[in-house]
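What follows is the residue order along each chain.
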Amino acid sequence: MNNLTIPAYSEQAAQAVKERLDSLAKVPGSLGKLEELAIRLAGITGRTCPSFPKKSVVLFAADHDITLKGVSATGQEVTEIQVRNFLKGGGTINAFCRNAGASLTVVDVGIKGDVGGAEGLVRRKVVHAARDFSEGPAMTREEALACVQVGIDMAREEAKKGVTLLSAGEMGIGNTSPSSAVAAVLTGAPVEGVTGIGSGIPSERVRHKAELIRQGIERNRPNPADAVDVLAKVGGPELGAMAGLMLGGASLRIPVVVDGFIAGAAAAIAIGIRPGVRDMLIGSHSSVEPGHQILMDYLGIPTYFDFGLRLGEGTGAALLYPIIDAAVRILTEMNTLQGI
């Protein structure tokens, strides 16, 4: 990771696209956020007519032993059940990927069990679940770095397949707890302000969840100036791998779409490791998880729609893919007033 270089956002390409948009047969700025999106895609890719014929969602799966303390509505076993469902094509993310014409790659980076006989699963397991961070560090620093490297490697593997647009999905029962911890540490927001219902727990369990998160932060004392330290002490395997996918995509000028709250926490880690990644990411939607908007405002990454989503899996990012195609079509299929 030490030799990973993040290219600069291309202000030249972004400006050229802005001028192109203003010259088209429409009122300047009348397509609102679609124009902003087209400009951002140009700056990330360095191309004035970017195109994304091959799209992918890479979903990283892991478990969290803090789940054993009742922070989730379901048990750890649901992580593996859902992973098997994704591999059979039966999840929400599968449906949304089919809608977007995108591929789905499912990666085991830290599932508790070995998920035997799961055809199509990419096996890159670093740990058998993150440890309970309310009692001690979730991972060692070496394990955290290994998770980040899994994500970087997956970005490179997807690029070799011709993928030009990426997003990081996740599956991990209990993973809103480490995401809340990461958000609180890196943004400085109070734990209560970034802790929500996650999988649908009642209010008294949300308070219990927040107390465990606060306990974990106080016990582990993660250094907010060291994103890898935060990841290791209060994060989780899939957060590290998602951050790595963002780093790897940015290094290759592949736009990486940020999903919801958990992906936002991963983006904060990625930006903490390489600040230049900030300009190379695209937000998708505004999650109803309370910490998501705090994270996106802190990171300065715009979002483009709000459907009241809080599922995760990469679903919001996959929903943005057709909108990205529409933004690109503005540049390639519209006439200028002079050209009519």
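These figures come from a predicted structure and were not determined experimentally.

With that settled, consider the environment of Leu-186. Tracing the sequence through the fold places Leu-186 in helix 6 (residues 176–187). For Leu-186, a relative accessible area of 11% translates into the label buried. Among all residues touching Leu-186, those that are not within four sequence positions of it are Pro-224, Val-230, Ala-268, Ile-269 and Tyr-298.

Okay, unusual backbone geometry next. The phi dihedral of Val-115 is positive, around 50°, even though this residue is not glycine. By secondary structure assignment, the location of Val-115 is in the loop between strand 2 (102–110) and strand 3 (122–123). Residue classification places Val-115 among the buried positions, given a relative accessible area of 2%. Its identity as a non-glycine residue notwithstanding, Arg-221 has a phi of 50°, on the positive side. Among the structural elements, Arg-221 can be located in the loop between helix 7 (203–220) and helix 8 (227–234). Given the relative accessible area of 66%, Arg-221 is considered exposed.

Next up on the list: the sheet that holds strand 1 (residues 55–62). In space, the six strands of this open sheet follow the order 3-2-1-4-5-6, with parallel pairing throughout. A strand with exactly one partner marks an edge of an open sheet, and here the two such strands are strand 3 and strand 6 (281–283). Pairing analysis gives seven bridges linking strand 1 to strand 4 (residues 165–171), with the strands arranged parallel. Bridging from a neighbouring strand, Ser-56 pairs with Leu-166 of strand 4. Helix 9 (residues 237–251) rests against strand 1, strand 2, strand 4, strand 5 (256–258) and strand 6 of the sheet, and its axis sits at about 180° to strand 4.

With 20 residues, helix 5 (residues 141–160) should reach 28 Å at 1.5 Å per residue; the first-to-last C-alpha distance of 29 Å fits that figure. Within helix 5, the full set of buried residues consists of Glu-143, Ala-144, Cys-147, Val-148, Val-150, Gly-151, Ile-152, Met-154, Ala-155 and Glu-158. Directly after helix 5, the chain includes Gly-162, whose backbone phi takes a positive value near 95°.

Turning to the nonpolar core, a few remarks are in order. Counting 117 residues, the largest nonpolar core has Phe-60, Met-246, Ile-269, Leu-281 and Ile-324 as its most contacted members. Contact partners of Met-246, with chain neighbours within four places excluded, come to Ala-168, Val-256, Val-258, Ala-263, Ala-266, Ala-267, Ala-270, Val-277 and Leu-281.

Bringing the packing of helix 1 (residues 11–23) against helix 2 (residues 33–45) into the picture now. Where helix 1 meets helix 2, the axes come as close as 7 Å, and the angle between the chain directions of the two elements is 150°. Considering the angle they form, helix 1 stands roughly antiparallel to helix 2. The two elements helix 1 and helix 2 meet at a crossing, and its hand is right-handed. Contact residues: Ala-13, Ala-14, Val-17, Lys-18 and Leu-21 in helix 1; Glu-35, Ala-38, Ile-39, Ala-42 and Gly-43 in helix 2.

Our focus in this paragraph is the environment of Ile-66. Among the secondary structure elements, Ile-66 is positioned in the loop between strand 1 and helix 3 (77–87). The exposure class of Ile-66 is buried, given its relative accessible area of 1%. Among residues more than four places away in sequence, those in contact with Ile-66 are Val-71, Asp-132, Phe-133, Ser-134, Gly-174, Ser-177 and Leu-212.

The subject of this paragraph is the packing of aromatic side chains. Inspection of every chain in the model, using the stated rule, returns one aromatic pair. Each ring, one from Phe-305 and one from Phe-307, has its centre 4.7 Å from the other, and the planes form 45°; the classification is tilted. Phe-305 sits in the buried class, given a relative accessible area of 10%. Residue Phe-307 is classed as exposed on the basis of its relative accessible area of 58%.

Right, let's talk about the pairing of strand 1 for a bit. Burial analysis of strand 1 places eight of its eight residues in the buried class, the great majority of the element. Taking every second residue as pointing to the same face, both faces of strand 1 are buried, with Lys-55, Val-57, Leu-59 and Ala-61 on one and Ser-56, Val-58, Phe-60 and Ala-62 on the other. Here eight bridges tie strand 1 to strand 2, and the two strands are oriented parallel to one another. The residue of strand 2 that forms the bridge with Val-57 is Leu-104.

Quick notes on the rules
Residues numbered from 1 in each chain as written. Predicted model: local features only at pLDDT ≥ 70, side-chain atom pairs only at ≥ 80, totals over all residues. Heavy atoms only, no water. Helix = DSSP H or I, 4+ residues; strand = E, 2+ residues; numbered from the N terminus. Buried < 20%, exposed > 50% of the residue type's maximum accessible area, 1.4 Å probe, protein only. Contact = heavy atoms within 4.5 Å. Pairing = 2+ DSSP bridges. Axes fitted to C-alpha atoms, helices over the stretch in contact; angles between N-to-C directions. Expected span 1.5 Å × (residues − 1). Core = buried A, V, L, I, M, F, W, Y, C linked by side-chain atoms within 4.5 Å. Parallel < 35°, antiparallel > 145°, perpendicular 65-115°, else oblique. Left-handed = near helix turned anticlockwise from the far one by under 90°. Phe/Tyr/Trp six-rings, centres within 6.5 Å; stacked < 30°, edge-to-face > 60°.

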